[in-house]
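Survey of secondary and tertiary structure
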Amino acid sequence: MTTTTRGYEPSDNLVSLQSHILAEETKYPSATGEFSWIISAISLAGKAIANKVRHARLQDVLGEAGAENVQGEKQQRLDIISNSILMRCLGSRASVAVIASEEDEQPTIIRRGHEGGKYCVLFDPLDGSSNLDVGVGVGTIFSILRNDPSIHEAEQTVCQRGATQVAAGYILYGSSTLFVVTTGHGVDMFVLDHSVGSFLLVARGLKMPRAGKTYSVNEAYSAQFPDGYRKFLAYAHDNGYSSRYIGSMVADVHRTLLNGGVFLYPPTKKNPEGKLRLLYEANPMAMIVEQAGGIAYSGDVRTLEIQPAKLHQRVPVLLGSADEVERVRSFLK
Ligand code: P6P
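Reading the values: the criteria
Residues numbered from 1 in each chain as written. Predicted model: local features only at pLDDT ≥ 70, side-chain atom pairs only at ≥ 80, totals over all residues. Heavy atoms only, no water. Helix = DSSP H or I, 4+ residues; strand = E, 2+ residues; numbered from the N terminus. Rg over C-alpha atoms; globule rule 2.2 N^0.38 Å. Buried < 20%, exposed > 50% of the residue type's maximum accessible area, 1.4 Å probe, protein only. Contact = heavy atoms within 4.5 Å. Phe/Tyr/Trp six-rings, centres within 6.5 Å; stacked < 30°, edge-to-face > 60°. Domains from an automatic or database assignment. Buried area = accessible area lost by both parts, 1.4 Å probe. Polar contact = N/O pair within 3.5 Å; in protein donor to acceptor, adjacent residues only side chain to side chain. Salt bridge = Lys/Arg side-chain N within 4 Å of Asp/Glu carboxyl O. Pairing = 2+ DSSP bridges. Axes fitted to C-alpha atoms, helices over the stretch in contact; angles between N-to-C directions. Parallel < 35°, antiparallel > 145°, perpendicular 65-115°, else oblique. Left-handed = near helix turned anticlockwise from the far one by under 90°. Nonpolar A, V, L, I, M, F, W, Y, C, P; charged D, E, K, R; others polar. Disulfide = S-S within 2.5 Å. Near = heavy atom within 4 Å. Areas by Shrake-Rupley, 256 points an atom, 1.4 Å probe, with all protein chains shown as cover.

Moving on, we come to the overall build of the protein. When helices and strands are counted, the protein shows 9 helices and 18 strands. Compactness check: the protein gives a C-alpha radius of gyration of 20 Å against a globular reference of 20 Å for 333 residues, within 12% of the reference. With the C-alpha coordinates of the protein rotated into their principal frame, the extents come out at 55 × 50 × 45 Å. Among the 333 residues that make up the protein, the fraction classed as buried is 54%. By sequence separation, contacts in the protein at least 24 residues apart represent 64% of the contacts at least 6 residues apart.

If you want it as structure tokens, here you go:
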């Protein structure tokens, strides 16, 4: 590759999320650009939420909202604020048919198929928000599905297998604000440059290490785990593994994506089906992980193959480096 006198390298190009998505779109002659507007809306919401999270302690938006969400979890004020920001950014996009959120019992129908509604957007607006007061990384997780205009019941419309996702990703509000997304052709990562207000491309086609001696699980519940998980933990303790658990799925999965290892949320007595939600936590993370060369299971089923029955359905989660997930599975058999 030739280097000009200015020391310019084509790889030095500044590529924003916006221009990256538009460039990707040109690869598909049938693309109408409507999908790009949805990613753009999520990007806009991410910038607004990042601003709120960064100034939380200054703007007195921390703490509990004094209500519980449909999950029976105490809502943080920033959960509600983030949910509203996402709704207001997505509601204006002409191709959005249905919006479903962890914070709302039922999906919201924005427009029907015959009115141009082509996509359903599902999200956890601020995952890990109970960590906000202590400055730990939190995140937005999103999943984009095609709308089926023949289905009129909103919850049934969004109950699609994860393998049908058009796109998925997350925004991590951590030491920097990261936007990680896949449209089924690899995983790309962007960092928010606050000085220009854009997410800039920093990694294209991210690949997860095939192995990694790090496991991420809340070991306080290990006595409640099915036996096979406990056998894996005993193996890990005896074979030089390290434990890393932040208690914020986006942060734990992002570390696993970059460094390798395995993230687990097994069934417990309190959550016999697992704690994490299939449609807007497990499925988008499973798509990201598998697009990066990892694998994701819920029990003995590949997460992306599960046919959802309910919007807020919970599943066990086992995802990460292929070798490590298979090692855990060998103990579960
Ligand atoms: P526990 C946060 O509440 C969350 O939904 C995920 O972000 C996280 O992985 C998990 O729950 C933590 O749950 O039971 O270990 O506190």
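There's plenty left to go through after this.
Moving on to the packing of aromatic side chains. Applying the stated rule across the entire model yields 10 aromatic pairs. An angle of 55 degrees between the planes, with centres 5.7 Å apart, marks the rings of phenylalanine 35 and tyrosine 119 as tilted. Residue phenylalanine 35 is located in helix 2 (residues 34-54), and its partner tyrosine 119 is located in strand 5 (residues 119-127); the two are separated by 84 residues in the primary sequence. Comparing phenylalanine 35 with tyrosine 119 shows no difference in burial state: the two are buried. Relative to phenylalanine 232, the ring of tyrosine 215 lies with its centre 6.4 Å away and its plane at 85 degrees, an arrangement referred to as edge-to-face.

For the protein, the assigned domains are domain 1 (12-203) and domain 2 (214-332). For domain 1 versus domain 2, the distance between C-alpha centres works out to 22 Å. Tallying the contact residues gives 48 residues for domain 1 and 31 residues for domain 2. Of the roughly 2,900 Å² buried at the junction of domain 1 and domain 2 (both faces included), carbon and sulfur atoms supply 62%.

Here we take up the environment of serine 130. For serine 130, the location among the structural elements is in the loop between strand 5 and strand 6 (138-146). Its relative accessible area of 56% is what places serine 130 among the exposed residues. With 118 residues separating them in the primary sequence, serine 130 and serine 248 have C-alpha atoms 8.7 Å apart.

Moving on, we get to the side chain of glutamate 102. For glutamate 102, the location among the structural elements is in the loop between strand 3 (96-101) and strand 4 (108-109). Here arginine 277 takes part through its side chain, which lies 2.5 Å from a polar atom of the side chain of glutamate 102. Look past the residues within four positions of glutamate 102 in its chain and what remains in contact with it is Asn69, Val70, Gln71, Glu73, Phe123, Asp124, Pro125, Arg277, Tyr280, Glu281 and His312.

This paragraph deals with the pattern of salt bridges. The final tally for this structure, using the stated rule, is 12 salt bridges. The shortest N-O distance in the salt bridge between glutamate 102 and arginine 277 comes to 2.5 Å. Separated by 175 residues along the polypeptide, glutamate 102 in the loop between strand 3 and strand 4 and arginine 277 in strand 14 (residues 276-277) bring together distant segments of the chain. There is no split in this pair, since glutamate 102 and arginine 277 are both buried. For arginine 255, the salt bridge identified is with aspartate 252, shortest N-O distance 3.0 Å. Taken together, the residues span about one helical turn, with arginine 255 and aspartate 252 both in helix 7 (residues 249-259) at a distance of 3 residues. A single salt-bridge network, built from bridges that share partners, covers Arg161, Glu290, Arg302 and Glu305.

In this section: the sheet that holds strand 12 (residues 242-243). The 6 strands lie next to each other as 12-11-13-18-15-16, forming an open sheet whose pairing is mixed. In the strand order of this sheet, the two ends are held by strand 12 and strand 16 (301-302), each with one partner. Contacting strand 11 (214-216), strand 13 (262-265) and strand 18 (317-320), helix 7 crosses the sheet at an angle of about 150 degrees to strand 13.

Time to look at the packing of helix 7 against helix 8 (residues 278-291). Where helix 7 contacts helix 8, the two axes come as close as 11 Å, and the packing angle between them is 15 degrees. Judged by the angle between their axes, helix 7 and helix 8 are roughly parallel. Here the hand of the crossing between helix 7 and helix 8 comes out right-handed. Counted together, Met249, Val250, Val253 and Leu257 of helix 7 and Glu281, Ala282, Met285, Ile288 and Val289 of helix 8 form the full contact between these two elements. Partitioned by chemical class, the residues of the contact of helix 7 with helix 8 number 8 nonpolar, no polar and 1 charged.

Tallying each qualifying case throughout the model produces 0 disulfides. Not part of a disulfide, cysteine 159 finds its nearest cysteine sulfur in cysteine 120, a span of 10 Å.

Turning our eyes to something else, we now look at the site of the ligand. Taken together, 14 residues surround the ligand, and among them Asp127, Asn218, Tyr245, Met249 and Tyr265 come closest. In the environment of the ligand, an oxygen atom lies 2.8 Å from a nitrogen or oxygen atom belonging to the backbone of methionine 249. Taking 400 Å² as the accessible area of the ligand by itself, protein coverage stands at 85%. Counting only elements with at least two residues in the shell around the ligand, the list comes to strand 13 and strand 14. For the shell around the ligand, the per-class residue count stands at 6 nonpolar, 4 polar and 4 charged.

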